Amino acid sequence: MSCHKKAYITTPIYYVNDVAHIGHAYTTIIADTISRYSRLSGLDTYFLTGTDEHGQKIEHSALARGKSPQEYADEISATFRNLWDEFGISYDRFIRTTDADHKAGVQKAFLKMKEKGDIYKDVYKGHYCISCETFFPKSQLVDDEFCPECGRATTVVEEESYFFRLSDYQDKLLEWYNNNPECILPKSKRNEVIRFVEGGLDDLSITRTSFDWGVKLPEEMNDPKHVMYVWLDALMNYVTALGYGTDEKNMDYWPARVQLIGKDILRFHAIYWPAFLMSLDLPLPKHIAAHGWWTRDGEKMSKSKGNVVNPKEVADAYGLDNFRYFMLREVPFGGDGDFSQKALIDRINSDLGNDLGNLLNRLIGMSGKYFDGLVKSDEVVQYYKAEIDEVNESLAKLEPLMFEMQLHRYLEELWRPLGVANRAIDKYQPWTMMKEGREAEAMALNGLIANILAKVAIMLYPVMPQVMQEIAGALSFKISNENWSSFIKGDGMLADFTIKKVPPLFPRIEEPLLAHVEPKAEEPAKKDEPKKEGKAKSEVKESEGIALIGIDQFFQTSLKIGTIIKAEEVEKSQKLLLLQVDLGEAEPRQVVAGIREWYSAESLIGTQACVVANLKPAKLMGMKSEGMLLAAKDENGLSLIRPEAPKKSGTAIG
Ligand code: MSP
């Protein structure tokens, strides 16, 4: 097999009858992530997105607003482009189907298909759904009238039309699906397509005469009343963007490596598109990858319900990179996803804050305290070979996951090195090493953590470009193809550096930041909203004698999982034990706990407990106590409250 050193990645082109919502952002963010990975790994990459501007639906939307279709398309197309620019989407071309070179390319393609004998003229009799821009045979309509896709009434059309001999491509298409198991991803979708095509294909009407907002037929056809069917026009964008039929200088990017689409437009991309390409004697894309749909708080999003999530609003409130991470991590590719602020906040606080952000803070804390911020890598392998090997093993699994669209698994796998790093600190205890004068080991541990963070930052860069560059900055290296080759493919290590302190990258979010995006029933009061009169802090409502508090009050208490790494009896006290508890911070906390009657010191070492982590330090028998363990006591004695299964030290409870 020849090695295609170029990678062409496309999104669908978006209709200009509406502004971008989270579904559009999702497709674009996936494509941007793959493109960034592709460039990072040294492939010559071309990333295409754009807008789909012709057709009856757009013509209607424009007229309804008293605008010409072109004016209207200019306006909405610009909103997409501006949003992608604000989001830093790394597209190489933003194509518009109203671009002159695109229109010329579509006309060339029409002529080529005609020469090939794939186009003939006839009369189309049938039903057309303007909203879906799709023809349907009567047999597929609901109650003989309504669109099987969107449920809207169809219009009866009887007009002269050119047809594409799609039926001739049935066998060739089936051969393609069968010989290329990964041509349609996820594979379950490929099976759906195969079943559909096996059922037989009708020829496709590819021109219209009843409206005018579209690409005209080539002059050579001498048939000016026809415009191209919008899907022929639209699909062709993937090659006209590279110059097909005009200036073909970028055509060597074709065939595409990945063409991203939503599951609703699979039929057009998995059947019509490859058939058109075969007719044009062009090679077929490597992957057509169909993702699922986003709902909001369990409901389909629609303008009429007023529950459409605005991606810019979410990114502004929660951080663009956090939003990108959430979308890609939350749903397995191909499955449907549900957007809720709760799920987003959980991902930010837990995956990003606890696992990643906290690790950087621990490194800043450790290296700052023991080595004036200096981090050296020269003895990492000598002391921590097992950890480095485990990390490299995870990293080696990542690339195929990216190109096969297993992005949630990519991220899951990428969290394993973070686990290795966090566990190494708990296990090797740099504070103990320093007390015992094992400085070289402690420095090597610093180096281990820094190198793991650097490797993770490189591989996470395609998903979270801004924040990973900040992490790289703190570690004094650059995210680049050279460093990808060295740290990911080779066994390169960071040069000695002095760590730069950065403000916390993922400050904990305690409550939804967008009040109006919350489901109505549970809408919480905004943080800074004045409290309603007569309702003092914890007296909102009394129920069975217990003062009810709001969630915000609850979250004022920081509860965390702590690992008891040392425990000793306090001389002169029958009640107190002196504990060292690891809360995932640079140093363990000292906690004086009145639990000696129920627990021996030895029995506690290595166990976990729930800790109140933001209590003001207190002194008990002259000893500083920097936290409190949660426990429950009844007539049978006292039990510590512990997680059901071991959790990483410092994991937030809530
Ligand atoms: N113009 C056509 C595509 C032509 S490609 C040659 C089109 N445009 S669209 O604007 O309606 O949709 C574009 C993409 O957005 C599709 O891939 C679609 O799946 C995706 N989404 C629209 N709503 C969505 C969700 N609620 N969730 C996820 N993606 C969704 O179709």
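A. How the structure looks around the sheet that holds strand β7 (residues 155-164). The four strands are arranged β6-β5-β7-β9 in an open sheet whose pairing can be described as antiparallel. The open sheet has two edge strands, β6 (134-136) and β9 (204-205), and neither has a second partner. Pairing analysis gives two bridges linking β7 to β9, with the strands arranged antiparallel. The partner of Phe 164 across the bridge, within β9, is Leu 204.

B. Summary view of the pattern of salt bridges. Under the criterion given, the structure shown has 44 salt bridges. With a shortest N-O distance of 3.8 Å, Glu 182 and Lys 187 are connected by a salt bridge. When its relative accessible area of 29% is taken as the criterion, Glu 182 is described as partly exposed. Relative accessible area serves as the criterion here: at 45%, Lys 187 is assigned to the partly exposed category. Salt bridges sharing common partners tie together Lys 121, Glu 160, Asp 223 and Lys 225.

C. Representation of the state of the cysteines within the structure. Applying the stated criterion to the full structure yields zero disulfides. Cys 129 takes part in no disulfide bond, and the closest cysteine sulfur to it belongs to Cys 150, at a distance of 3.7 Å. The exposure class assigned to Cys 129 is buried, which follows from its relative accessible area of 0%.

D. Quick peek at the pairing of strand β29 (residues 637-640). Here strand β28 (residues 631-634) runs beside β29; their pairing, made up of four bridges, is antiparallel. Of the residues in β29, the one forming a bridge with Asp 634 is Gly 637. Counting the residues that bridge the hairpin from β28 to β29 gives two residues.

E. How the structure looks around the nonpolar core. Formed by 126 residues in total, the largest nonpolar core has its most connected members in Trp 84, Phe 339, Leu 356, Leu 460, Met 468, Leu 475 and Phe 477. Per-element tally for this core: the top contributor is helix α17 (residues 439-460), with 15 residues. Those residues within four positions of Leu 475 in sequence are excluded, and the remaining contacts are Leu 360, Leu 363, Ala 450, Leu 453, Ala 454, Leu 494, Phe 497 and Ile 499. Among the nonpolar cores identified, the runner-up in size contains 70 residues, and Trp 176, Val 239, Met 251 and Leu 280 belong to it.

F. The arrangement of the packing of aromatic side chains in detail. By the definition in use, this model includes 32 aromatic pairs. A centroid spacing of 6.4 Å and a plane angle of 85° characterise the contact between Tyr 37 and Trp 484, whose relative ring orientation is edge-to-face. Taken together, the positions of Tyr 37 in helix α1 (residues 22-40) and Trp 484 in helix α19 (residues 481-489) put the pair 447 residues apart, joining distant regions of the chain. Here the two residues Tyr 37 and Trp 484 agree in accessibility, since each one is buried. A centroid spacing of 5.6 Å and a plane angle of 10° characterise the contact between Phe 164 and Tyr 169, whose relative ring orientation is stacked. Across the pair, Tyr 169 and Phe 164 agree in class, each one buried. Above the face of the Tyr 253 ring, Lys 6 is positioned so that its terminal group lies 4.8 Å from the ring centre. Over the face of the ring belonging to Phe 268 we find Arg 267, whose NZ or CZ atom lies 5.8 Å from the ring centre.

G. The packing of helix α15 (residues 407-428) against α17, seen in detail. Put simply, α15 and α17 touch, their axes get as near as 10 Å, and they point 170° apart. Relative to α17, the element α15 lies roughly antiparallel. For the pair α15 and α17, contact is made by Tyr 410, Leu 411, Leu 414, Trp 415, Pro 417, Leu 418, Val 420, Ala 421, Ala 424, Ile 425 and Tyr 428 and by Leu 445, Leu 448, Ile 449, Ile 452, Leu 453, Val 456, Met 459 and Leu 460, respectively. For the contact of α15 with α17, the residue count by class is 19 nonpolar, no polar and no charged.

H. Expanded view of α1. Its 19 residues give α1 an end-to-end C-alpha distance of 26 Å, which sits within 8% of 27 Å, the value for a rise of 1.5 Å per residue. Across the 19 residues of α1, 18 count as buried, placing the element largely inside the fold. Looking one or two residues beyond α1, the residue adopting positive phi is Gly 42, at roughly 95°.

I. Inspection of the environment of Asp 378 at higher detail. In this fold, Asp 378 is placed in the loop between β17 (374-375) and α13 (380-396). Residue classification places Asp 378 among the exposed positions, given a relative accessible area of 60%. For Asp 378 and Ser 68, which are 310 residues apart along the polypeptide, the C-alpha to C-alpha distance reads 67 Å.

The rules behind these values
Residues numbered from 1 in each chain as written. Predicted model: local features only at pLDDT ≥ 70, side-chain atom pairs only at ≥ 80, totals over all residues. Heavy atoms only, no water. Pairing = 2+ DSSP bridges. Helix = DSSP H or I, 4+ residues; strand = E, 2+ residues; numbered from the N terminus. Salt bridge = Lys/Arg side-chain N within 4 Å of Asp/Glu carboxyl O. Buried < 20%, exposed > 50% of the residue type's maximum accessible area, 1.4 Å probe, protein only. Disulfide = S-S within 2.5 Å. Core = buried A, V, L, I, M, F, W, Y, C linked by side-chain atoms within 4.5 Å. Contact = heavy atoms within 4.5 Å. Phe/Tyr/Trp six-rings, centres within 6.5 Å; stacked < 30°, edge-to-face > 60°. Lys NZ or Arg CZ within 6 Å of the ring centre and 35° of its normal. Axes fitted to C-alpha atoms, helices over the stretch in contact; angles between N-to-C directions. Parallel < 35°, antiparallel > 145°, perpendicular 65-115°, else oblique. Nonpolar A, V, L, I, M, F, W, Y, C, P; charged D, E, K, R; others polar. Expected span 1.5 Å × (residues − 1).

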